[in-house]
Amino acid sequence: MRTALVYHEDMTAARLLWEDPECEIERPERLTAALRRLQQGGLEQRCLQLAPREASEAELGLVHSPEYVSLLRGTQALDTQELRALSGQYDAVYFHPSTFHCARLAVGATLQLVDAVLMGAVHNGLALVRPPGHHSQRAAANGFCVFNNVAIAARHAQQKHGLQRILIVDWDVHHGQGIQYIFEDDPSVLYFSWHRYEHGRFWPYLRESDADAVGQGKGRGFTVNLPWNQVGMGNADYLAAFLHVLLPVAFEFDPELVLVSAGFDSAIGDPEGQMQATPECFGHLTQLLQVLAGGRVCAVLEGGYHLESLSQSVCMVVRALLGDPVPPLSGPMEPHRSALESIQSVRTAQAPHWTSLRQQGSAPTPRPGTCSADGRTSPVLPGGPTFKAVEAQASAVLSSLLGQLHLHPTPPVRTAVTLTVPDAALGLPPAVLHQEGSAPQEETQAWARLHEALAQDTAFTALGKVLHLLKGILDGQVSSGVATTPAAAATLDVALRCSLSHRAQRVLCVAVGQLDQPPDLANDGRTLWLDIRGKEAAALSPFHVSMPLPGTTGAFLSCVLALVLPLAYGFRPDLVLMALGPAQGLQEPQAALLAALLRGPAGGRVLVLVEQVSWAGWTSCGWGGGERPGTCCSHLFSWPRNPHPSLQASWPGCCMETHPPAWVPSPPPPQRTRRPCCT
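Residues numbered from 1 in each chain as written. Predicted model: local features only at pLDDT ≥ 70, side-chain atom pairs only at ≥ 80, totals over all residues. Heavy atoms only, no water.

Moving on: helix α6 (residues 149-161). When the terminal C-alpha atoms of α6 are compared, their 17 Å separation across 13 residues agrees well with the 18 Å that a helix rising 1.5 Å per residue should span. When you tally the buried positions in α6, you get 10 out of 13 residues, the bulk of the element. Within α6 the residues assigned to the buried category are N149, V150, A151, I152, A153, A154, R155, H156, A157 and Q158. Backbone geometry just downstream of α6 places G162 in the positive-phi region, at approximately 75 degrees. (Helix = DSSP H or I, 4+ residues; strand = E, 2+ residues; numbered from the N terminus. Expected span 1.5 Å × (residues − 1). Buried < 20%, exposed > 50% of the residue type's maximum accessible area, 1.4 Å probe, protein only.)

With that settled, the discussion passes to the side chain of R319. Structurally, R319 can be placed in helix α10 (residues 307-322). Buried within the structure, R319 lacks any salt-bridge partner; D324 is the closest side chain of opposite charge, at an N-O distance of 4.9 Å. (Lys, Arg positive; Asp, Glu negative; His and termini not counted. Salt bridge = Lys/Arg side-chain N within 4 Å of Asp/Glu carboxyl O.)

To continue, consider the sheet that holds strand β5 (residues 189-196). The strand order across the open sheet built from 8 strands is β2-β1-β3-β8-β7-β4-β5-β6, with neighbouring strands paired in parallel fashion. Each edge of the open sheet carries a strand with a single partner, namely β2 (48-50) and β6 (223-228). In this sheet, adjacent strand axes meet at a mean angle of 15 degrees when their direction is disregarded. Bridge count between strand β1 (residues 3-6) and β2: 3 bridges; the pairing is parallel. Directly across from A4, in β2, lies its bridge partner L48. (Pairing = 2+ DSSP bridges. Axes fitted to C-alpha atoms, helices over the stretch in contact; angles between N-to-C directions.)

What follows deals with the nonpolar core. In this structure, F147, W171, F242, L594 and L598 are the most contacted members of the largest nonpolar core, which totals 164 residues. No other element matches helix α8 (residues 235-253), which puts 14 residues into this core. If you look at the next biggest cluster of nonpolar residues, it comprises 37 residues, including L454, L470, L492 and A504. (Core = buried A, V, L, I, M, F, W, Y, C linked by side-chain atoms within 4.5 Å.)

In this section: the packing of aromatic side chains. Throughout the structure, instances matching the rule amount to 17 aromatic pairs. When the ring of W171 is compared with that of F264, the centres are 6.2 Å apart and the planes differ by 55 degrees; the resulting orientation is tilted. In this pair, W171 sits in the loop between β4 (166-170) and α7 (177-183) while F264 sits in the loop between β7 (257-262) and α9 (279-289), placing the two residues 93 residues apart along the sequence. We note that W171, like F264, is buried. Centroid distance F222 to W354: 5.4 Å. Interplanar angle 75 degrees. Geometry classified as edge-to-face. Placement of the pair is F222 in the loop between β5 and β6 and W354 in the loop between α11 (337-350) and α12 (385-407), with a sequence separation of 132 residues. A relative accessible area of 5% means that W354 is categorised as buried. Here a set of aromatic residues connected by ring pairs shows up, and it is made of W171, F192, W194, W228, Y238, F242, F264 and F282. (Phe/Tyr/Trp six-rings, centres within 6.5 Å; stacked < 30°, edge-to-face > 60°.)

What follows is the structure, encoded as structure tokens:
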């Protein structure tokens with residue numbers, strides 16, 4: 001069992017004891033609602049339950065001052081009036097006689113999770129905790145936060161486990177200034193935060209929440225702030241932020257551990273964030289983070305105050321951590337202009353510090369957002385017409401997602417492999433099925449007639465196995481698969497035509513190597529053909545994009561993040577066919593990374609076809625000369641990892657696009673023609 005869940009009912013004890021409209025949203029039901037949804041979805045039962053403990057005062061002292069810890073210890077003996085008076089000394093904080101115990105449990109639960117991951121007991125996990133932590137500072141509670149759970153966990157990982165590079169990703173809708181202050185001069189911790197900012201008119205109203213706050217001293221460049229200057233940011237905006245800012249920097253940083261300050265007030269329906277990202281978006285973000293640090297990802301709950309949106313978002317994160325496919329993203333896939341401006345401003349501010357972000361040109365000038373007369377953002381008031389409209393929209397979206405999960409349950413087989421020649425010595429992970437089945441001979445013969453190369457015995461046998469595996473994917477019995485074949489080009493063509501004649505409405509073909517697009521392939525918007533290792537970068541038709549294979553690891557990552565994934569998410573495929581043909585040139589970690597990242601756009605439905613050639617000739621490509629085909633194939637099932645141990649020297653100076661990042665909207669209906677390009 002590779003995913004841990006840490007929770008304790010004692011963390012629901014602390015609650016508000018007096019009237020305070022600002023603080024009443026931070027309530028125990030946040031935990032109980034999320035846990036109930038995990039149980040209803042059968043997710044809790046699939047996780048390893050870790051018993052939390054109270055953090056020691058020495059562990060709290062990794063971040064907080066002794067005086068502050070002593071002050072919090074004393075709250076256990078205060079009466080309600082004294083607690084209220086003390087709470088009033090801080091910004092948006094309330095204390096309860098159980099606060100000290102709950103907050104120590106929250107820290108201890110986070111440390112238990114980090115220890116389990118770093119000691120190899122589990123691969124990843126979620127700490128379902130309260131109170132949250134990312135606003136808490138060395139000697140001050142702030143914004144519902146008492147002790148800084150994630151910051152303490154980072155220091156703990158450094159001191160106990162000797163880690164040298166830790167990535168903290170804060171997707172809460174509020175800026176985690178507490179984490180920023182703690183690590184702003186520390187180059188061993190890379191802190192990324194996106195947050196509602198609105199040019200300083202949203203809480204916590206800090207100048208240092210803007211994009212040009214990049215850290216201090218040796219830590220310059222290791223604080224990455226992405227300010228959202230308008231409400232209503234959605235799935236496309238969040239994904240663009242990951243692809244164009246976070247992931248390029250994260251790959252270059254090469255973390256040993258990823259800590260997620262997982263606040264879900266950035267999800268649809270939340271009164272604090274007023275954003276539009278749907279729960280499945282957080283599953284996709286989690287999948288993207290799992291290609292870092294060998295998959296060692298620890299998510300820790302921060303904010304989130306719409307109980308249904310919070311609960312479903314938590315479930316999507318756990319599904320991703322478990323390795324389940326996540327439903328495809330819904331809604332428009334073109335970011336807001338304001339989001340693109342924010343992304344560009346971050347890239348400009350960070351370019352001097354990260355080779356992966358260096359580019360020409362300047363950032364666009366942001367435009368002021370809507371604000372009230374006093375210069376601060378107008379809140380959405382409960383009971384008002386705007387609140388009711390937002391609540392109705394969120395309820396409809398969340399109900400639709402539940403229905404989608406009911407109609408499309410997780411396939412019983414996560415990954416299957418089929419080989420041209422059986423390999424008895426093939427060692428596959430437990431979750432991977434070695435499939436021996438084949439399509440009926442009559443069906444295989446019918447498809448084989450399309451290509452002379454498929455008439456040969458070995459190719460014909462391989463085709464039957466591929467068709468059987470493909471049917472399992474299209475019927476929802478298998479999530480993804482890998483197959484070897486001696487005729488990759490012909491098999492890819494058949495797999496594409498077979499998919500379109502059955503359940504698939506849109507198919508993305510990623511052809512790596514000497515694999516030409518079928519000349520009679522209809523240009524009707526149902527297929528997007530992406531040719532990697534083409535002669536030149538070009539959009540040869542509205543749905544045929546060609547590019548050379550990048551020559552360095554950094555350029556390869558830039559190509560995937562800036563072009564391949566935006567195209568894939570914009571196209572919204574039902575299935576991804578990825579083929580590694582002759583002279584494909586990818587190193588094994590690169591191929592595994594590409595396959596892993598392509599799972600997201602199609603809800604996990606990816607079929608990888610690998611050309612069976614003279615394996616001894618693949619030595620220069622990194623597959624290892626003389627290996628058995630099955631052994632080479634099994635690399636695609638290894639946990640996604642950084643494709644190079646050190647990327648600092650491998651990023652070309654102009655590897656990213658030189659214009660503001662853009663997104664590719666979903667391709668038009670067949671009667672219209674539009675180029676799916678990235679500009």
